[in-house]
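A look at the structure
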Amino acid sequence: MDVKLDPSRDDLPLLANTSHILVKHYVLDLDVDFKSQIIEGTIVLFFEPGNRFKKQSSSIEETCQSESNEACKFRMPEPCHIPVTHTSTFSSKMGYDGFSVCGKGVKDTSGKDGNHDNWEQASGISSSKYCCDTGNHGSEDFLLVLDCCDLSVLKVEEVDVAAVPGIEKFTRSPTLTVVSEELRNQIIRELVTLPADRWREQLDYYARCSQAPGCGELLFDTDTWSLQIRKTGAQAATDFPHAIRIRYRTKPQGRSVTWTSDQSGRPCVYTMGSPINNRALFPCQEPPVAMSTWQATVRAAASFVVLMSGENSAKPTQLREGCSSWHYYITMPMPASTFTIAVGSWERMKPETCLSNDLATERSLSSSEADFRYVGVCGHMEYPCRFQNASATTQEIIPHRVFAPVCLKGACQETLLRLIPPCLSAAHSVLGTHPFSRLDVLIVPANFPSLGMASPHIIFLSQSTLTGMSHLCGTRLCHEIAHAWFGLAIGARDWTEEWLSEGFATHLEDVFWARAQQLAPREAQEQQELRACLRWRRLQDEVRNSPEEMQVLRPNKEETGRVSDSGSSVIKHGLNPEKAFMQVHYLKGYFLLRFLAKRLGDDTYFSFLRKFVHTFHGQLILSQDFLQMLLENIPEEKRLELSVENIFRDWLESSGIPQPLQRERGAAAACGLARRVSAEVAKWIRVNRRPRKRKRRETEEAFEKVRHRWCELVVKHRYTKAYKDVERFLQEDQGLFPAELRRKVPPRPWPPATGCRVRAVALLWARGSSVTRTPGDMGALKPAHHSALIPSACGCSAVSLLPKVTEFVYTGTSEHLLWVISEGFCAIILICPLFRFFQNFSRFS
């Protein structure tokens, strides 16, 4: 399978040659400069040749059987312990003696395009040749390929790990008299394979080795998507240096990080879950099979707080006046794409009083819920695993912290802080052991392009989740907590199978939230059935208004999980801007799991799910791994025509709505709650259509309509010369712009200043779809996605809504929307040219 990139397509390339060599650990040492909007520093990569996923097969067991020698075997862990969350073994100031620091002797070799290389200068070899003939008897040097873009790479060098004091313990010799490449590689081989119970010692030596001097620059080149590195004379991965240091800096426009201001107007930067993942933050191996650990030291001004994916609750160490250092580490191997960082003037939120309400009470496990405490060794590579620790398996609520801009303190205390404990407890009661030992929750800036994002030990939540009642915040929090198991602890081996993450999280959020609310079984069932009705309508709309090829949950079919001989591959439609806003993989995955749970019965299904989590945590899976294990646990009489092949055909490998789902929804009767909601919607539609008494003369009314239509056309076609007419219309026409709303919006200047608070109605669409988001964030979205909200995608349309008032922070301009009163009821007029403002308003996930 050769990877051929077509610039005109929207596929995302993964070019790292993971079949030849794997990164086992990253050590990052970075400085954050808000003035230049650059993150600069070094990253040290520790390698191990070979890849146990080199040949993909349909199951983990078959994968191991298809490979030879010890490279394919899972190292089975001994009983291990929860890491203690302090960093006394690490130096808080990661100095670099023995090699040049950027700006102090390092030559910037960037070309006009901003890319860097030293191949031509060092060897006279054309940088366009990926595999370079060194003249060494006609053979080629081994080429290390890392995923990389939007970075300025300044220097690449081998690290002399043999110079680290005490490192001889990893060799067979008591003293290091003759240092060779083979000896250095032997030291790294011993270091990366230390047993789990020596994880502290391992991290300590990783840190020491990262500070060792360099012992020779390596040749490198960059292109749009990758960084290529080679060493003259190293003809195989086993000969290539097993520890290298890369000095680099990010670019302000880099797509992996966002430089912005928080809700209080203070600067901040964070990783945004970009489609290109973290390759514009540091050079790395992006394919999910490249599971690695990491540690990072980040320096920033003392007024900033650094949050990161890390097992330890890091605290700042003052280096000098006005500068602090933060250190985090991870001992559970994870794909590099899950690394997350956020730097800003965040305030830690603490509850004003001890939580005493019902939602905050900790639940004790009943005997019927205790069957997930399985005994035995895990099937993943060796690391300090919480599933093997008795105290971790019974820990319902893990330690957690909440950070946000100070201006959101009241909202966090009122809504978020009291929800975290019951949601964590509910998740534990359903799935068992929390995979991660602690959790930070950060309320990210208003331009965050989603309602939430989960990473190891940290969750990003949009400010929109804090509005209104606790329902939106609770369900979204449950969704992100579910990703700790599905998406992080258990990941998809092929990124095109997103349903393995999002489908599970969507299905589990309902279950977690019902338990967190302590609903009676009947109430929980009615709530879940109502949400299923709303998701059904949304799925129908998605299928009608999205390309067929993007509706398939397993687009690679029998090629799923397969890579080229080098390990490179492409993610279909990975760069398509529409994909980030599509809900098909959420919704079809959700309905598939709901279908299977009904077939088995909830008790049987969730008992199986706990067993599945215990079996596959810390590993990567394909769809067949889940389905095969599930079918093995279904009694013969309940299987009927269920098989992996049938599920692939009906649910995963076809576009449109699956036939089993069509039949199920056609035969389903609406629950009582759904009927009441439908009746309420119908009532307000009827009321909205009644004629109203007009206080103004017919001629004035007609003229108002003309002015109204004129303003629509002005904004639609961006006729800036007439924007004053729009301003005057909104200020002077009392019938279409209510006094209550106008008082909330400053009369001048128009558009309203970013951050002003506006009241708006947002609950149910007239067609029954759920609107539980407020337009607080930005993102590109086509008008077609609003077909349920906008009867005509061309021009402007008003949609009647239930009169429930919620507040949100206005971040748009007059090009985005007009708020009006139509026939006495609040409605929303959308203007065609820009629909970005409504990404989170119309999506529900």
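Overview of the structure. In this text the structure is predicted, and so the values were computed from the model without any measurement.

Cut-off values and rules
- Residues numbered from 1 in each chain as written.
- Predicted model: local features only at pLDDT ≥ 70, side-chain atom pairs only at ≥ 80, totals over all residues.
- Heavy atoms only, no water.
- Helix = DSSP H or I, 4+ residues; strand = E, 2+ residues; numbered from the N terminus.
- Buried < 20%, exposed > 50% of the residue type's maximum accessible area, 1.4 Å probe, protein only.
- Contact = heavy atoms within 4.5 Å.
- Areas by Shrake-Rupley, 256 points an atom, 1.4 Å probe, with all protein chains shown as cover.
- 1 Å grid on protein atoms, 1.4 Å probe; cavity = no way out; pocket = protein on both sides within 12 Å on 5 of 7 lines; lining within 4 Å.
- Points joined across faces, edges and corners; volume = space filled by probe spheres on them.
- Axes fitted to C-alpha atoms, helices over the stretch in contact; angles between N-to-C directions.
- Parallel < 35°, antiparallel > 145°, perpendicular 65-115°, else oblique.
- Left-handed = near helix turned anticlockwise from the far one by under 90°.
- Salt bridge = Lys/Arg side-chain N within 4 Å of Asp/Glu carboxyl O.
- Phe/Tyr/Trp six-rings, centres within 6.5 Å; stacked < 30°, edge-to-face > 60°.
- Expected span 1.5 Å × (residues − 1).
- Bend = angle between axes of the 7 residues up to and from the residue.
- Nonpolar A, V, L, I, M, F, W, Y, C, P; charged D, E, K, R; others polar.
- Core = buried A, V, L, I, M, F, W, Y, C linked by side-chain atoms within 4.5 Å.
- Arc of directions from axis to C-beta.

Here we look at the overall build of the chain
- Scanning the chain from N- to C-terminus turns up 20 helices and 29 strands.
- With 845 residues in all, the chain has 59% of them scored as buried.
- Looking at the chain alone, contacts between residues at least 24 apart form 77% of all its contacts between residues at least 6 apart.
- Total accessible area computed for the chain in this model is approximately 34200 Å², and 50% of it derives from carbon and sulfur atoms.

Here we look at empty space enclosed by the protein
- All chains considered together, the criterion is met by 14 cavities of 30 Å³ or more.
- Counted as a void, the largest cavity has a volume near 260 Å³.
- What lines the largest cavity is a set of 21 residues, and nearest its centre among them are Val-192, Gln-202, Thr-293, Thr-331 and Glu-382.
- Of all the elements in the fold, those that place two or more residues in the lining of the largest cavity are β2 (21-33), α4 (199-210), β12 (291-301) and β15 (323-335).
- Among the elements that take part in the lining of the largest cavity, α4 stands out by supplying four residues, more than any other.

Let's talk about the packing of helix α10 (residues 584-600) against helix α15 (residues 659-667)
- Interhelical geometry of α10 versus α15 gives an angle of 65 degrees and a closest axis separation of 11 Å. In this view, α10 runs roughly perpendicular relative to α15, as classed from their interaxial angle. For α10 against α15, the interelement crossing comes out left-handed. Residues Phe-591, Arg-594, Phe-595 and Lys-598 of α10 form the contact with α15, whose participating residues are Pro-660, Leu-661, Glu-664 and Arg-665.

Let's talk about the pattern of salt bridges
- Counting across every chain of the model gives 33 salt bridges.
- Linking Glu-201 and Arg-198 is a salt bridge whose minimum nitrogen-to-oxygen distance equals 2.8 Å.
- Accessibility expressed as a relative area gives 32% for Arg-198, which makes it partly exposed.
- Among the salt bridges present, the one from Arg-535 reaches Glu-509, with a minimum N-O distance of 3.2 Å. Taken together, the residues Arg-535 in helix α9 (residues 521-544) and Glu-509 in helix α8 (residues 499-516) connect sequence positions 26 residues apart. Like Glu-509, Arg-535 is buried.
- The structure contains a network of salt bridges with shared partners spanning Glu-158, Asp-160, Glu-181, Arg-184 and Lys-231.

Some details on the packing of aromatic side chains
- Within this structure, the stated rule accounts for 28 aromatic pairs.
- Consider the rings of Phe-504 and Phe-626, whose centres lie 5.0 Å apart with planes at 85 degrees: the pair is edge-to-face. Of this pair, Phe-504 sits in helix α8 while Phe-626 is found in helix α12 (residues 623-632), placing the two residues 122 residues apart along the sequence. Taken as a pair, Phe-504 and Phe-626 share a single burial class, namely buried.
- An aromatic cluster of three or more residues is present, and its members are Phe-486, Trp-499, Phe-504, Phe-608, Phe-612, Phe-616 and Phe-626.

Quick notes on unusual backbone geometry
- Positive phi, close to 70 degrees, is recorded for His-457, a residue that is not glycine.
- Looking at the element boundaries, His-457 is found in the loop between β20 (452-455) and β21 (458-461).

Things to note about helix α6 (residues 409-431)
- Relative to the 33 Å expected for 23 residues at 1.5 Å per residue, α6 spans 31 Å between its end C-alpha atoms, a close match to the ideal helical length.
- Most pronounced at Leu-416, the bend in α6 amounts to some 35 degrees.
- Of all 23 residues in α6, 18 are buried, a share of seventy percent or more.
- Phi turns positive, to about 95 degrees, at Gly-432, one or two residues after α6.

Considerations on the packing of α8 against α9
- One way to put it is that α8 packs onto α9 with a least axis distance of 10 Å and a crossing angle of 150 degrees. Relative to α9, the element α8 is oriented roughly antiparallel. Remark: the crossing between α8 and α9 carries right-handed chirality. For the pair formed by α8 and α9, the contact residues are Thr-506, Glu-509, Asp-510, Val-511, Trp-513 and Ala-514 on the first element and Ala-524, Gln-527, Gln-528, Arg-531 and Arg-535 on the second.
- When its residues are assigned to classes, the contact of α8 with α9 shows four nonpolar, three polar and four charged.

Comments concerning the nonpolar core
- Grouped together as the largest cluster of nonpolar side chains are 152 residues, with contacts concentrated most on Ile-229, Ile-246 and Phe-626.
- Counting 23 residues, the second largest nonpolar core, distinct from the first, contains Val-44, Val-164, Phe-170 and Tyr-206.

Structural notes on helix α14 (residues 644-652)
- Residues of α14 that are buried include every one of Val-644, Ile-647, Phe-648, Trp-651 and Leu-652, and no others. An end-on view of α14 places all buried positions within 105 degrees of arc, on one side of the element.

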